[in-house]
Each structure stands twice: as C-alpha cells, then as structure tokens.
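# Secondary and tertiary structure notes
Single-letter residue listing:
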Amino acid sequence: MTDLSDIIFYIDFSGIFDRSGARKKYRIRQEKAKALFRPEGVSLDFGSGPHRYLAFERSGSMSRQARLSFIREDFYDAVRRRIMMDMTIGDCQLSKLYAYNGLMLSSGIRIDGIDIDRPHRVVVVDNPVRTPPPTEMITVEDDGAQNSTRKYHRVETMATVEVTCFDGEGLISKQYARLVDEKLCGRKVHTSFQIRMPYVKGMLHEVDFKDYLDRSGADTITDLWGVQHPIQKIDIILTKSMFKGCGWLNESGMSWEDYWAMFRKYRHALYITNVSKEKPEQTTELNYQFLTTVSIQGDEFRPADLPDGWDHSPETDERNWLTKQTELAYYNFCADESFRRNYFLEKFERVSWWERHQGKDQILAAVLKKNPHFINEPIYAKRLEAEADKIAEQYAVGRLIVAGDNRYLSGDLLDFLNCLPVTKTGTSKKANTFINFRWGLELNHQNFFAPSAAYQSSHVCTLLRNPHIARNEEMQLYPLEDRKNLHDQYLGHLTDVVMVGYTSLAAERLGGADYDGDMIKTISDPILNECVKRNIYHDPPRPRSVFSRSHNLPLLMIPTVQPQIRSADDWEARFETVRSTFSSRVGQICNAALDRSIIAYNENSDAEERERCWEETETLAILTGLEIDSAKSGIRPDLDEYLTHKTVKRSDFLKYKTLVEEMETRRAWYEPTHATKVKAFFKKVDWNKVDSNVERLPYLAQQLKKNTPRIKARPAKDEELFSFARQPDWKGQLTPDKLATVDALLQDYDACLSRIRACRVPLKEKKRKSDVERILYARGQEDTYDPDELYALFGSLPPERVSALRRAMREQVWHFMDEDARERFLREWLPEFEDIYDLLTDFRFGGYRILGDIVCDMADENTGREKKRLFRENDSKAFTAMMSAFADKSPSRSYRDAVTAKCRELLTAIVRPTLAVRYVVALGRRDLLWDLLPEYIEKNVLEVRDD
C-alpha cells in the first residue's frame, strides 16, 4: 500500500496540555482533546468517504512536538499486532510501552537483504552491573505520595551508585558491518550505527570480537535464555538494555526464536537512524547553558581592547580568547577568499551517507574547481552569506565554536569484550598469555579513549552533554595515552566514539546519560579547561554544605522512580500517559535554572542570594532528569515553586533568545514586527552596565555583524564562465523558435513554483478572533461562549452566503442598527442561529464587532481557499504538466523536485541537454542551471587555471 492519505493522520496537541486547566478556555480544549482518545475514536472524511480513526502511537520526536498519530479503525488491530510482535501485554508501565511501540515510527533507512534473522546471527546478553566506591552526592527524595505528580526535597549524602554497564550499546562484527554499510550507502565508511528494530534500539559499534574471543580461547557465547551460540556464527551482540521487549516477551510465553518468527511474519527489518562521521571533527559548539556555569574572566571571554568587527583575520592576534574561533569563522565566510573557495572544494569527494550518488555539493565543487570565477554566482554567494548569518545568529544565543568534537558516548568496549559470557572448551598457553595480558587494560576513573582525536594525551579535556544546567554536570578526564595496546588494536578505528570507564561515573555525572546514541562534547580548548578546573578545585567551600569540599562538584543523582502500572487496554490510562508526555516542561525548567545560575555563579552576587540560587540550580538539574524520565515512568515532579512563583528576575539574554524563537512563528496582526521588537530590545538595554558574559552575547554578535565588511559578489560575464560564450555571435547561432519556447517554459516553471508556494502557505489564522475574545472577557462571558465553537458554527455556511451576509452588513450599516432592527436582520440572514441572537445583538463593549469579526474572518478564509486552486483555465500546456507532476507526486518527494524533474523533461524534449545550457544562459537565467541541468554545467564550463 502506497497511499496512506486516508489511513493515518497526525494531530498537533501543542498549546493544549501544557496550559493550566484553571481557565475555562484551556479546560474546554483539554476536554475536547480527551474525547479524541475514547474507544469510539473520531469520524472524518478525507475524500474517500467517512471513516473512524483511533488514537495510535508516536515516535520520540513526535512526543517532543506533542503530536500523535491516528489510524483508521479497520487497520488499527492489524498494525498494532505487527508493532507488538503478537505479544500479549496487559498491565504494564504504559509510558514505556508507548515509548517502545513508538520506535516503529522513527525515521530511518531500511536495510534489506542482509539475512539478519539467520540463526545465531543476533544474540542478547545481560548488562554487567557494578558498584564503584562511595561518592559525594546530591539527590532529591519525594514526599511519599503515590500520585503521578510529586513534591521533592533536596538531600546531600555519601552513597554508592549501581552502574548498569554498556547501557544501550552492543557490538557488530567487522564482516557484517561491511555488508550493512554497503547496503546503506554503497561503500564501507562507517564504524558505528544507531539502529532500530521492533523493541530494539541503541548503538552498534564495529569490533572484531570474533578475533578477540578466539585469541582468548572462547568458543561460544551464552545468551539471556541460557542458549549457547558459536562465536564464529554471531554477527551482532545486543545487551539486554537494548532489547526493550525482553520482559514482555517472557511474560507472553515467547522465546527469542519466536521473536524472529514474528519478525519474518510481519516483514520487519533493521533500520539505521544515524551513523558515525567519516572523520573526527576539530571543533564543536558550546551553548549558553555551559557559558553560564563556567568561571571565566572578562579577558578570557573577550578582551576589551578588541575591535567590534574585523577588517582583518582574528588569527593575526596571537592571544587566545573564548569567542575567537566563532569570530574567525564569521570573518572567513565574509571576507577570506581562499576559505570561501575551499568551503566548497572540500566537498568534492564527500557523499552523505543517505546519498548513493553525487549530489549538488559535489557538482558545485567540480564546477568551481574548473573555474574559480563561479564563486560570485548567486548559488555560491547566497550559501556563504547564509553560513555567515547562521554563525552570527548562533553567536548571539551562545553557540560558540571551540576546539573539541562531538562523539557518541560509550562504555569501555575492551571491558565489554572481557565481560562477555563465553565458554571455553580448552585454552592453550598462548590463549592464557593473552587473557593475563588483557586484564588491567581497562579505563580508570581518570581516563577516556577517543580514537584519532586531535587531543594531546597529557592535556585534560572537559566532557559535556545537553541539557547542561549546573557546574556539577561538567567533568574532566585525561585522554588515554597512545601505547599501541589492545584499545588501539581493536578499537582504534572508532573515530566517532568517546569511551569511559564505569568507575568514572561519567554517564551519571553527565545528566544521567546512556550509551544508546547520546552525543557528548569533548572540549580541548585550553581556556575552557582551565576555567572548569577552577570550578572543581578553586571555588571556596559553600557554608551550608555537609561535604568536606575536597572539590565542589558532587554527583547530581537522578533517583529511580517506581513506575505506575496501568492496563494497556484502558483508554483513559492511555490518555493520561499521552497527556503527561505532551505537557513536558523541560524547556521551562532549563530557563528557570539559567535565571538562577547567572546569580549563583556570579562572584558579584549577594552571598545569601547566591547560595540559594546555587542550591536551586542543582535541584533543578535533577528535576530536569525526572521530567525527562517521566515519559517512561509516568511520575512527574511538582515544579510550581520554581515555575509559577518567580523568585528571580528573567535575564536579558533569555528575553533576547525568546525574541529569536518567536521569529519562527506568525505574529498577531496587531503586534509589532519581530524586527521592531529586536530593535527595541537593543535600545532598552544599557550594554555598558551588563557585566555577565552570557548577557553580552547578543550585543557582541550584533556589533560583529555590523562592523565586519563582506565581499560583494559581482557575477562574472558569460564569456568568463562558459567555453561556448567565447565564440563570436554564439547567441545568433541559437534557433529563435526554440529560444522563445525555452523562454516560455522557464517562465511557466517560475510561475508554477510560485503558485505552489502560495498554495502551501497555511491559511492565515483568524486574525479578528482575539477581538472576539476581548469583548467576551470584558462582558464576563468568556466562560459562557467559546470562540472556537462560534467560528465552527459560521464555518458551516456556504462561501457565497458568507459573502452575501458581509455585503448586507455593510449596505444596511449593521453597527448603527437599533435592537429591534438587529434581530430582524438576523432572522432574515441567519434564521438557524437563534440560540446566539442574544450574543450578537448585545452591543456592549463594542459587541457590534463580534458578528463582523467572525463573518470577515470566514470570508477571508473562503477567499484564501479559492486562491489555493492549483489548476486554472488559462494555464498553458507546459504549466499544467508541471502542476500535474506536483499533484501526483509521492508524499516523500519534495514539490520542487517533482516540478523540476518535469520541467527538465520538457526542456530536453525541446533541445538536447548539453545544448540546452546555452539557451538558458542566453536568456539570462544562469541561476536555473543548477536546478534543471546540473549534470551538464561542468561540460560547458571554461577551464581556468589558478596561477
């Protein structure tokens, strides 16, 4: 089945469950939303007749966006059985069931033809559980209540932590990784794969475990169910933490063999959702949260004597400061000619993992390599300008470029190999020697292993993870020295992984991370590492703490919550689970924590206020973890004292960040433009009095953009770019009729794309609706009448009747009618709306506008729908063909791709592709070559050698 347009749809619940139900407006919306989850579902007609739809599943990203899928009733049971692998699940942790069922809705690349279901190919082993020595710890404890929202209080203690090793990661053999990668992208380039299968998620790292275990004298691995598997037949080793359905499989009386039988029955497959990078990065981005917690001096952040912008490269200044790499990157995109060319040229041989053929980046690089004058063409210049603007925008919101990289967090995979439950039929002296040698090589509490990283082994590095709230979530480790040991021999090719030992408690210190694909920033910047070292060792002891303060960063421990068990067949329980997930407040917690951390980590703050905010910041970091975990546990922290009762002032930085985020949304018609709001913000703040580094970021970015000159791209002449344009009278050699036909086609192409863009723009929101809400509120009727219901009532009227009513109101001057005339008018034009006559004829507080507001909004909406017609009478044949290509395209194909393909077909029917380049250039439409004839540009390019 390819057409799912009337099988499944998605509802966006944002702005529903994250609002207080105390107001009737939101309470009514929440009640309406709840009704959608009832067993009888909702009836809709998408063009093939009315069908009933039932609330279904959602992926992790859909949960974060408060979106849920609804599926047609006659498909519900069959698809649900397919997802649940025919397992019977009754009372369970509903939030986990939803989360793991939702794995099937994750975006990924399907990998077929790899015989993943072959016996012994995939095994599941248990995760080792270990207990490092006791550590200083800050945690929270609940008040003992059993409800789904609980109050927590802060506790400082000394305790041990149980560590689940290798949580969310497994191994893939060297041979099988090659097969999977070749199926994925046509060649072997990746060493780590983030995977999805039914109830399976996590990371697989390529390790030659067959050779390692063979050298150890091992013959078999024993899986979770006690079954032994020959090592040479195994290609994937999953840990129990990766197999989310393990408990449900056992409770259903099913075995691992039954899992694969269902896998084959429902034609499941391995899906790849992400892969390792091809080569290590040299820089990474910090965010504003980390900049708030770090102890950094003004000259370390940005010396006061530096210029506001750059007319020369910042590299010429020998000093180092935190914003230097960001300002250098901005300057390079704006003014460094060599960098601007190399930005494209370095992509010449790089193909993305989801592409199997040369893409636009490679074509751009090939053309530029042949003729450097193309750098001033709009397609190049706009890309460079966009990158420069992006850096400035990120600078303003605290995303700074520093030395380091991003990698997948992993446990010590050498330790993983040593912990595998293997059996040995006999060991040789050589195997015993290898076994004795391998012990003691595991990573300790001070080291990490990042293969092929650009770090010096003797220099400490800082490890960070988002979200980052408190200083306690910073940790420093030393890179493992390159001793050509077993780490290098068996793991040295994993260039996108950072491995840590369990004794470091790295995952626990980094906000409760795991190894199923969490990305970690490893910072090698010397300034930042020195600043973090200050946090750990040089901050003065805090007076209200019970710790000895050998250092100031006790572990922030997110407590394990006993989950709520509910019936999977209870629709109200399912609704409560979804509502809890869709009302996540992680963003609000992070903002509340930032407001406090600015005070807590500022040495100029009042001592008592600083201590209070310090403790609250640490507590909020723990509560953030509980809020994130609530998607699986169903238990949420009570945050009223932090989010409802404001005890600190909102920072200017967050005010600016909110303005930036609002730029992505449509403003109300009566509100100032976003540009006006931003201008007012900069004018209001006295930047000379702002002493916080983070608070100054918007101003510094604005000055950088304002005071750094950009190269002005001046496109070259045709004869400087194309070999055919060097010929005299080359335009005269083109066929006039064909030229005119191509000209008409290109105009149709532009017009077709323009109409599609106009039709894709959502209808404007009912811009007068807020006026209706204001009048109802002023008259105390906001709980009596629901504006949504009023608009729905008028939405049932035919468009021509709405237009006639609007015209009659204007001609008969509705707003000047007396009370009797108003009722007569309504009886003539709206006889079926008698129930709301009292509302419409009540002119108090400008009430005469209610009818006009609703009618005008509905008339505008009807006009907008008319303008969205794709096909019109006067369209040309070529235009209609291109629009039909758009109308008939598959949902996964972009509109531009569909129209461009049809236009290319029409163009090459007029003139041969290689020759068509000349016609397009002759018409002054060189910009369209990259869409319509990208493969034929290089053949026509004039080769220019750089001297």
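What counts, and at which threshold
Residues numbered from 1 in each chain as written. Predicted model: local features only at pLDDT ≥ 70, side-chain atom pairs only at ≥ 80, totals over all residues. Heavy atoms only, no water. Helix = DSSP H or I, 4+ residues; strand = E, 2+ residues; numbered from the N terminus. Rg over C-alpha atoms; globule rule 2.2 N^0.38 Å. Buried < 20%, exposed > 50% of the residue type's maximum accessible area, 1.4 Å probe, protein only. Contact = heavy atoms within 4.5 Å. Areas by Shrake-Rupley, 256 points an atom, 1.4 Å probe, with all protein chains shown as cover. Lys, Arg positive; Asp, Glu negative; His and termini not counted. Charge placed at Lys NZ, Arg CZ, Asp CG, Glu CD. Expected span 1.5 Å × (residues − 1). Polar contact = N/O pair within 3.5 Å; in protein donor to acceptor, adjacent residues only side chain to side chain. UniProt positions renumbered as here; feature names shortened; annotations may be inferred.

### Brief notes about the overall build of the protein chain
Across its full length, the protein chain holds 39 helices and 30 strands. Computed over the C-alpha atoms, the radius of gyration of the protein chain is 32 Å, within 12% of the 30 Å expected from 2.2 N^0.38 for a compact globule of 947 residues. Seen along its three principal axes, the alpha-carbon backbone of the protein chain occupies a region of about 100 × 85 × 70 Å. Scored against the burial criterion, the 947 residues of the protein chain give a buried share of 51%. Across the protein chain, the fraction of contacts at a sequence separation of at least 24, relative to all contacts at a separation of at least 6, is 75%. When the accessible area of the protein chain is evaluated, it comes to approximately 45300 Å², of which 47% is carbon and sulfur surface. In the protein chain, 140 side chains carry a positive charge and 148 a negative one; their mean positions are 3 Å apart.

### Some points on unusual backbone geometry
A negative phi angle characterises most non-glycine residues, just as the trans form characterises most peptide bonds. N466 connects to P467 through a cis peptide bond whose omega is -5°. Looking at the secondary structure, you find P467 in the loop between strand 24 (461–464) and strand 25 (475–479). Located in the positive-phi region is S452, a residue other than glycine, with phi close to 60°. Accessibility expressed as a relative area gives 51% for S452, which makes it exposed. Of note in the backbone geometry, D729 takes a positive phi value of approximately 55° without being a glycine. With respect to the helices and strands, the residue D729 is situated in the loop between helix 27 (718–721) and helix 28 (736–760). Using a relative accessible area of 59% as the deciding quantity, one classes D729 as exposed.

### Section: helix 20 (residues 571–582)
For helix 20, with 12 residues, the first-to-last C-alpha span of 16 Å sits near the 16 Å given by 1.5 Å per residue. Turning to helix 20, its buried residues are W571, A573, R574, F575, T577, V578, S580, T581 and F582. The opening residue of helix 20, the one whose side-chain oxygen lies 3.0 Å from the backbone nitrogen of E572, is D570.

### Structural notes on the environment of E905
Within the secondary structure layout, E905 lies in helix 36 (residues 895–910). For E905, a relative accessible area of 47% corresponds to the partly exposed category. In this structure, the C-alpha to C-alpha distance between E905 and I850, residues 55 residues apart in sequence, is 53 Å.

### A closer look at the UniProt feature "domain: RDRP core" (unreviewed entry) in the protein chain
Under the present numbering, the feature "domain: RDRP core" (unreviewed entry) in UniProt falls on residues 63–291 and 490–661. Structurally, residues 63–291 comprises 26% helix and 32% strand, and the distance from its first C-alpha atom to its last is 29 Å.

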